[in-house]
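Summary of the model geometry
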Amino acid sequence: MNEQVMTQTHSQQHIQEERAGKKWLQHAELIAALVSGVLILAAWFFTETKGLSVTLYILAFLIGGFAKAKEGIEDTIETKALNVELLMIFAAVGSALIGYWAEGAVLIFIFSLSGALETYTMNKSSRDLTSLMKLEPEEATLLADGREKRVPAAELKIGDMIVIKPGERVAADGIIESGVTSLDESALTGEAMPAEKTAGDSVFTGTVNGNGSLTVRVTKTNEQSLFRKIIRLVESAQNSVSPAQAFIERFESVYVKGVLLAVALLLFVPHFALGWSWSETFYRAMVFMVVASPCALVASIMPAALSLISNGARNGLLVKGSVFLEQLGSVRMIAFDKTGTVTKGQPAVAAFQAAENVSEDEIMQAVYAIEKQSSHPLAKAIAEFAESRGAAPAGHLSIDETSGFGVQAEIEGVKWMVGKAGFAGEDAADAFLQTSGKELKDKGFTLVFVKKDDRIAGCFALKDQIRPEAKAVMAELESLGIQTAMLTGDQSETAAAIAKEAGMTTVVADCLPDQKAKEVKKLKETYGTIAMVGDGINDAPALKTADVGIAMGGGTDVALETADLVLMKNDLHKLVKMCRLSRKMNRIIKQNIVFSLSVICLLICANFLQVMELPFGVIGHEGSTILVILNGLRLLK
């Protein structure tokens, strides 16, 4: 027994050590950059002690530049193309060769720090599908020869019959052969209200069965299921490269080749063509490499982005990468999921209509006594509404529930029924809507009827409530020139009603996860850069397909992991603010890029005309870098 405990303890320690090691590796690049900065300060302090100062600068070179040099060499070998990482290393070494160790070390420090911060941000935003995979059942109850048998879900074949018991997750996509139940499909559709299912209806892997037992015929293998399709869509979108990123990579390669070619020419041509001495020729070539190094250019983006990331964090918006802020600034369309995003995700009674000559108080009291005993979302909403109308608690009732349809109970000799139209009687329900309930028809409400003995006594109209700020947010986005759309798994009537109330013009209803992703692609073709806002697992493919995926902080773990931005406080007003700040960031980045390139061109020209010595080149180069950084830091406010 002691040996077993010791083995388990040792295993746990090994796991903890392994996790600590991985965490250390993720932060190693940032730590190396900071150590490099400390060494530069120490070398500057010991400037009078030449040997010690140079030694400290060399250590700063090695520690700060190792990660970027390794990355640059490996990338060059893999792509057979030069990159900015190598150019920065060459520029730093070149400055050291002409005796300017501090200049070279500072180049290494600034570039390695920006690279380390980018790496750290990317590690924080890594997409992990573990939470999604946990929702997929590992086993299923196979029905064969009249007997039930537990088997791995992955082994199920098309045509197999499986049993889904109350509370279990559906193990395979299929068709219900027998049984009636309420099925929680929020993992796929995002809808808070359970879907009523009966024989002939489709069910999907990962959804949760209510209180009825089902027999399901498998129609798709494990790999063909809708659940697996979600995973593949997310993985596929993760591996795609944006056009902006591809352009930057092409620009880097051209820039580096151009600078290195110019340096190679400057090492020989001026000596023969202009009569410069060899020492002057080498000196000017090294000065060119230093002033042409894209230090200010690199700093044009990162400080501004990090400032906005910090600003966003203070305002309840988590950003997982600077590139997403840049893209948010150019968004022309934002698509929203409905439930939990535009709406609260909680059904509530929007209207109630009693039949003529029936006491509303009597209905509320009876309905409260019945619905208070149910955990169904609609029942909770009705019970809360009845309580707000003065219904008082009653003794425990014996209720009879028909899964997927409604409940009934006898109160003081009167038979009460609460449920959908089919439960109360389709003809009676239609007649009620034609007379007393005209105001409730065709408005996207979910209707629940109350029947007293043999007569419809009243009707509750329920709908998901929109967020208080939703309408104002849509108007603000429109003022910024940003169009809005709703992509939802809900029925078209309900979706249209919510969209109209929120002020959204484009609506696509009845969307399963793969359809949402397709609709996002269509919107991208029409509007260019678009964002998607969602909160559920069903939104994950669409979040990844969009240029910018935005998750509500109260959403599922998978949505939070998949999204590029997270509204931690579920406040849509913060999204509008971030759109404005992202546009400001893009303006600042453009200013920085134009300024840095202009300074580089000016320094290069001055170097060719031999009117600038290296110290002034250092001042111009580092001064432009500092100004660019300060301009970016304006976004902290």
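Above this text is the structure in question.
Since the structure is predicted, the reported quantities are computational estimates derived from the model, not experimental observations. (Residues numbered from 1 in each chain as written. Predicted model: local features only at pLDDT ≥ 70, side-chain atom pairs only at ≥ 80, totals over all residues. Heavy atoms only, no water.)

Secondary structure summary: the protein contains 25 helices and 22 strands in total. Going through the 637 residues of the protein one by one, you find that 50% of them count as buried. Of the contacts formed within the protein by residues at least 6 apart in sequence, a portion of 68% connects residues at least 24 apart. Counting only carbon and sulfur atoms, one obtains 58% of the accessible surface of the protein, whose full area is about 30,300 Å². (Helix = DSSP H or I, 4+ residues; strand = E, 2+ residues; numbered from the N terminus. Buried < 20%, exposed > 50% of the residue type's maximum accessible area, 1.4 Å probe, protein only. Contact = heavy atoms within 4.5 Å. Areas by Shrake-Rupley, 256 points an atom, 1.4 Å probe, with all protein chains shown as cover.)

Moving on, we come to helix H16 (residues 377–388). Between its first and last C-alpha atoms H16 spans 17 Å; for 12 residues at 1.5 Å apiece the expected length is 16 Å, and the two agree. Taken together, the buried positions of H16 are occupied by Leu378, Ala379, Ala381, Ile382, Ala383, Phe385 and Ala386. If you follow the buried residues of H16, they end up packed against strand E12 (343–354), helix H15 (360–371), strand E16 (446–452) and strand E17 (455–466). Positioned one or two residues after H16, Gly390 has a phi angle of 100°, which is positive. (Expected span 1.5 Å × (residues − 1).)

The next point concerns the packing of helix H19 (residues 470–479) against helix H24 (residues 572–608). Between H19 and H24, the shortest axis-to-axis distance is 9 Å and the interhelical angle comes to 15°. The angle between H19 and H24 places the two elements in the roughly parallel class. Of the two possible hands of crossing, H19 and H24 adopt the one that is left-handed. Contact residues: H19 offers Ala470, Ala472, Val473, Glu476, Leu477 and Ser479, while H24 offers Leu572, His573, Val576, Cys579 and Arg580. For the contact of H19 with H24, the class distribution of residues is 7 nonpolar, 2 polar and 2 charged. (Axes fitted to C-alpha atoms, helices over the stretch in contact; angles between N-to-C directions. Parallel < 35°, antiparallel > 145°, perpendicular 65-115°, else oblique. Left-handed = near helix turned anticlockwise from the far one by under 90°. Nonpolar A, V, L, I, M, F, W, Y, C, P; charged D, E, K, R; others polar.)

The next point concerns the sheet that holds strand E4 (residues 174–178). The antiparallel open sheet is built from 6 strands, whose spatial order is E2-E1-E3-E9-E4-E7. Each edge of the open sheet carries a strand with a single partner, namely strand E2 (147–152) and strand E7 (202–203). In terms of strand pairing, E4 meets strand E9 (residues 214–218) through 4 bridges, oriented antiparallel. The residue of E9 that forms the bridge with Ser178 is Thr215. (Pairing = 2+ DSSP bridges.)

What follows deals with the sheet that holds strand E18 (residues 483–487). If you trace the 7 strands from one edge of the open sheet to the other, you get E10-E22-E21-E20-E11-E18-E19, paired in mixed fashion. Of all the strands in the sheet, just strand E10 (317–319) and strand E19 (506–508) have a single pairing partner and so form its edges. Shown here is a sheet whose adjacent strand axes are inclined to one another by a mean of 20°, direction ignored. Where strand E20 (residues 530–534) lies against strand E21 (residues 548–552), 4 bridges are found, and the strand directions are parallel. If you follow Val533 over to E21, its bridge partner there is Ile550.

Taken as a whole and judged by the stated rule, the model has 1 cavity of 30 Å³ or more. For the largest cavity, the calculated volume is near 40 Å³. In this structure, the largest cavity is lined by Gly64, Gly65, Lys68, Glu85, Met88, Ile89, Ile108, Phe111 and Ser112. Those elements that provide at least two residues to the lining of the largest cavity are helix H2 (50–79), helix H3 (84–97) and helix H4 (101–124). Among the residues making up the lining of the largest cavity, the classes are represented as 4 nonpolar, 3 polar and 2 charged. (1 Å grid on protein atoms, 1.4 Å probe; cavity = no way out; pocket = protein on both sides within 12 Å on 5 of 7 lines; lining within 4 Å. Points joined across faces, edges and corners; volume = space filled by probe spheres on them.)

Let us now look at the environment of Lys521. Tracing the backbone shows Lys521 in helix H21 (residues 513–527). When its relative accessible area of 47% is taken as the criterion, Lys521 is described as partly exposed.

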